[in-house]
Amino acid sequence: MAAWVTDQRGEQTAKFCMMIIGIGYLFPIAAIWAAFDYWKVLFPDQNVEFSVTALYQIGSIATVAALSLSETFSLGRRILGGFSGQFLCLAAILAFRWLPVTRLVLYQLLLGVVLLCSVATGYLDSALFSLCSQYSTSMQQYLQIGIGFGTLVSVVYRDATKLLLAHDIADATCAYFIIALVTVLVCICAYRTLMSLPISRHMASNEDLNLEEKLMDKASRFESPLPYACGFSPGGYHDSEESANGLELNSEAGTSFSSVLRLVWFNQLVIFVNFALTTFCYPGLITAIPCRQMTWLRNGHWFQTILLTVFTLFDISARFITQHRFGLYWGNVQWTAVVRSLLLPLMVYCAASETGSDLVSMAVVAAFGFLNGYCASLCLIVINEIPSLSNPQRKTCGRISACSVNTGLCVGSVGASILATLALPPS
């Protein structure tokens, strides 16, 4: 508590706000995923999780790709616009219960709302990753922790509403999405609070100006608020030991999208693979794992709900230890994708094989969740530690990372949909 009271420059408050913003980044789609049991009641003959995930990722990558063509943007408008769009999408899903339409029309409406939600999240993508690339490693970790908490919070909300309103899944879902709407409002307040802190005053006063040009202009005295928030010197990113030793930054390569991509393509490929593995298994493959021995958990799809909870608990716990690298750095981070790939056959086995065990399924999901939280977060952090990148190039690298993340998520979700069609029966 004393640390918060003596928080003269708003350092702790800024970190807390950044974590809350991270929660809101993927929270709406995580909320839709966590309500999988309700979709199974409404659409019992379809694996809704696979189609919803694939459509969401396709819409998200298309939005990020379109926005990446713009050389300038307003940070505040994209973040607030993204959160506002997510709020409206969740409000629309809340209203589904009272719509006098057929299940087919309701299913089409669900897919439409998911597509709109992907567009709103794409706006957040284009701003948050660019901003995060200017931050120190510790603040990037807070954003990653927040992203992990977004999935965890959605699952915890779902567990609580199902327990408290066990008599009616429709009532439980209604209460769930009301709480989800409040959560998005809290995330909006967190962003406004961050912008109102003394360390962010210059950003708030220039919010209507061209943030992109200010960050990319080498002659500009405009500085990111993050180094102040984290206690670093105002010159920008200084976590890399190589940079501290005075290695020359590769400023001659330029700061255009294609120029920076030539410098970071391998690390971007690692990001792509890691996030493709994520949506190949989460949430569709996990919720497709049947309950075999623990028959008392079959009613209400509690077994699958527990699997999602296990995944998110281990995912968020791993995000707290990314400061421990175990010898990994930007030059060998590809091993994260290799190790995670080894678990993929086990995940498919748990979902498709009749000889599977419920305990084995929980253990595999837990391991996959832990590696997801650690590896996905680490590959996004270490790419900003490449010593040859200048601060303006890191800004562009953040935009490329947004494209790599969404492309990977899209490819993984499409692959999962193909697997569901070929090998998994409707659950």
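Residues numbered from 1 in each chain as written. Predicted model: local features only at pLDDT ≥ 70, side-chain atom pairs only at ≥ 80, totals over all residues. Heavy atoms only, no water.

Chemist: Even after reading the chapter, I still don't get the overall build of the chain, so can you show me in this structure?
Modeler: Regarding its fold elements, the chain presents 18 helices and 0 strands. Within the chain, buried positions represent 57% of all 427 residues. Once local pairs closer than 6 in sequence are excluded, the contacts in the chain between residues at least 24 apart make up 83%. When the accessible area of the chain is evaluated, it comes to approximately 17,200 Å², of which 66% is carbon and sulfur surface. (Helix = DSSP H or I, 4+ residues; strand = E, 2+ residues; numbered from the N terminus. Buried < 20%, exposed > 50% of the residue type's maximum accessible area, 1.4 Å probe, protein only. Contact = heavy atoms within 4.5 Å. Areas by Shrake-Rupley, 256 points an atom, 1.4 Å probe, with all protein chains shown as cover.)

Chemist: Can you help me understand the nonpolar core in this one?
Modeler: Among soluble globular proteins, nonpolar side chains are generally buried collectively. Residues Trp-39, Leu-110 and Phe-177 are the most contacted members of the largest nonpolar core, which totals 84 residues. The element best represented in this core is helix H17 (residues 358-382), accounting for 12 residues. Excluding residues that lie within four positions of it along the chain, Leu-110 makes contacts with Trp-39, Phe-43, Val-48, Val-52, Ile-93 and Phe-96. With 22 residues, the next largest nonpolar core counts Ile-21, Cys-187, Ala-190 and Leu-197 among its residues. (Core = buried A, V, L, I, M, F, W, Y, C linked by side-chain atoms within 4.5 Å.)

Chemist: Just to check I follow, could you spell out a nonpolar patch on the surface for this structure?
Modeler: On the surface, Phe-257, Leu-261, Trp-265, Phe-266 and Leu-269 cluster together into a nonpolar patch covering about 450 Å² of accessible area. Relative to the helices and strands, Phe-257 is located in helix H13 (residues 257-281). (Patch = residues over 30% accessible without salt bridge, like charges linked within 9 Å, V, L, I, M, F, W, Y side chains within 5 Å. Salt bridge = Lys/Arg side-chain N within 4 Å of Asp/Glu carboxyl O.)

Chemist: Can you walk me through the packing of aromatic side chains in this structure?
Modeler: Aromatic rings considered in pairs are described by the distance between their centres and by the relative angle of their planes. Counted according to the given criterion, the structure contains 12 aromatic pairs. Taking 6.4 Å as the distance between ring centres and 70° as the angle between the ring planes, the aromatic pair formed by Trp-33 and Tyr-56 counts as edge-to-face. One end of the pair, Trp-33, is in helix H2 (residues 11-34); the other, Tyr-56, is in helix H4 (residues 48-68), and 23 residues separate them in sequence. Tyr-56 carries the same exposure label as Trp-33, and that label is buried. An angle of 50° between the planes, with centres 5.4 Å apart, marks the rings of Tyr-38 and Trp-39 as tilted. (Phe/Tyr/Trp six-rings, centres within 6.5 Å; stacked < 30°, edge-to-face > 60°.)

Chemist: Hey, could you run me through the pattern of salt bridges in this one?
Modeler: Opposite charge on two side chains lets them pair, provided their charged atoms get close. Taken as a whole and assessed by the stated rule, the structure comprises 3 salt bridges. Notably, a salt bridge pairs Arg-319 with Asp-315, separated by 2.8 Å at the nearest N-O pair. With Arg-319 and Asp-315 both in helix H15 (residues 302-319), this residue pair falls 4 residues apart, about one helical turn. Overall, Arg-319 belongs to the buried group, its relative accessible area being 6%. Overall, Asp-315 belongs to the buried group, its relative accessible area being 3%. One salt bridge connects Glu-385 with Arg-325, and the closest N-O pair in it is separated by 3.0 Å. Of this pair, Glu-385 sits in the loop between H17 and helix H18 (391-423) while Arg-325 is found in the loop between H15 and helix H16 (334-352), placing the two residues 60 residues apart along the sequence. Judged by its relative accessible area of 11%, Glu-385 falls in the buried class.

Chemist: What exactly am I supposed to notice about H17 here?
Modeler: One turn of an α-helix holds 3.6 residues; hence residues three or four places apart share an orientation. Across its 25 residues, H17 extends 36 Å between first and last C-alpha, which sits within 8% of the 36 Å expected from 1.5 Å per residue. Counting buried residues in H17 gives 20 out of 25 residues, a clear majority hidden from the surface. The opening residue of H17 is Ser-357, an N-cap whose side-chain oxygen sits 3.3 Å from the backbone nitrogen of Leu-359. (Expected span 1.5 Å × (residues − 1). Polar contact = N/O pair within 3.5 Å; in protein donor to acceptor, adjacent residues only side chain to side chain.)

Chemist: Is there a simple way to think about the packing of H15 against H17 in this case?
Modeler: At a closest axis distance of 7 Å, the pairing of H15 and H17 adopts a crossing angle of 35°. Between H15 and H17 lies a crossing whose hand is right-handed. Contacts between H15 and H17 involve Phe-303, Ile-306, Leu-307, Val-310, Phe-311, Phe-314, Asp-315, Ser-317, Ala-318 and Arg-319 from the former and Asp-358, Ser-361, Met-362, Val-365, Ala-366, Phe-368, Gly-369, Phe-370, Asn-372, Gly-373, Tyr-374 and Ser-377 from the latter. Considering only residue class, the contact of H15 with H17 consists of 13 nonpolar, 6 polar and 3 charged. (Axes fitted to C-alpha atoms, helices over the stretch in contact; angles between N-to-C directions. Left-handed = near helix turned anticlockwise from the far one by under 90°. Nonpolar A, V, L, I, M, F, W, Y, C, P; charged D, E, K, R; others polar.)

Chemist: I'm lost on the side chain of Ser-154 in this one. Help?
Modeler: Within the fold, Ser-154 resides in helix H7 (residues 137-164). Among all residues touching Ser-154, those that are not within four sequence positions of it are Phe-27, Ala-30, Ala-31, Ala-34 and Tyr-176.

Chemist: Honestly, the environment of Trp-330 in this entry has me stumped. Any pointers?
Modeler: Considering the arrangement of structural elements, one finds Trp-330 in the loop between H15 and H16. For the pair Trp-330 and Asn-384, spaced 54 residues apart in sequence, the C-alpha to C-alpha distance is 8.4 Å.

Chemist: I keep staring at the state of the cysteines and nothing clicks. Help me out?
Modeler: Cysteine pairs can be covalently joined through their sulfur atoms, and such a bond is termed a disulfide. Within this structure, the stated rule accounts for 0 disulfides. A disulfide-free cysteine, Cys-117 has its sulfur positioned 4.9 Å from the sulfur of Cys-89, the nearest such atom. On the basis of relative accessibility, which here comes to 1%, the residue Cys-117 falls in the buried class. As a non-bridged cysteine, Cys-375 has Cys-379 as the owner of its nearest cysteine sulfur, 7.9 Å distant. Residue Cys-375 is classed as buried on the basis of its relative accessible area of 3%. (Disulfide = S-S within 2.5 Å.)

Chemist: Would you mind going over the packing of H13 against H17 with me for this structure?
Modeler: The packing of two helices is summarised by the inter-axis angle and the distance between the axes. Direction vectors running N to C along H13 and H17 enclose 150°, while the axes themselves pass 9 Å from each other. On the basis of the axis angle, H13 is roughly antiparallel to H17. Where H13 crosses over H17, the two elements pack in a sense that is left-handed. Contacts from Val-270, Ile-271, Asn-274, Phe-275, Leu-277, Thr-278 and Cys-281 in H13 reach Phe-368, Asn-372, Cys-375, Ala-376, Cys-379 and Leu-380 in H17. (Parallel < 35°, antiparallel > 145°, perpendicular 65-115°, else oblique.)

Chemist: Can you walk me through the side chain of Thr-309 in this structure?
Modeler: With respect to the element layout, Thr-309 can be found in helix H15. Those residues in contact with Thr-309 that sit more than four places away from it in its chain are Val-155 and Asp-159.

Chemist: Explain the confidence of the model for the chain here, please?
Modeler: Caution is warranted with low-pLDDT regions, since their predicted coordinates should not be read in detail. Here the chain averages 77 in pLDDT, while 78% of its residues score no lower than 70. Helix H11 (residues 226-230) is the least confidently modelled element of the chain, averaging 27 in pLDDT, while H17 averages 91, the highest of any element. Ignoring residues within four places in sequence, the model shows residues 1-6, a span with pLDDT below 50, making 4 contacts including any to other chains. In the predicted structure, residues 204-251 sits below a pLDDT of 50 and forms 99 contacts with residues beyond four places in sequence or in another chain. (pLDDT = per-residue confidence, 0-100.)

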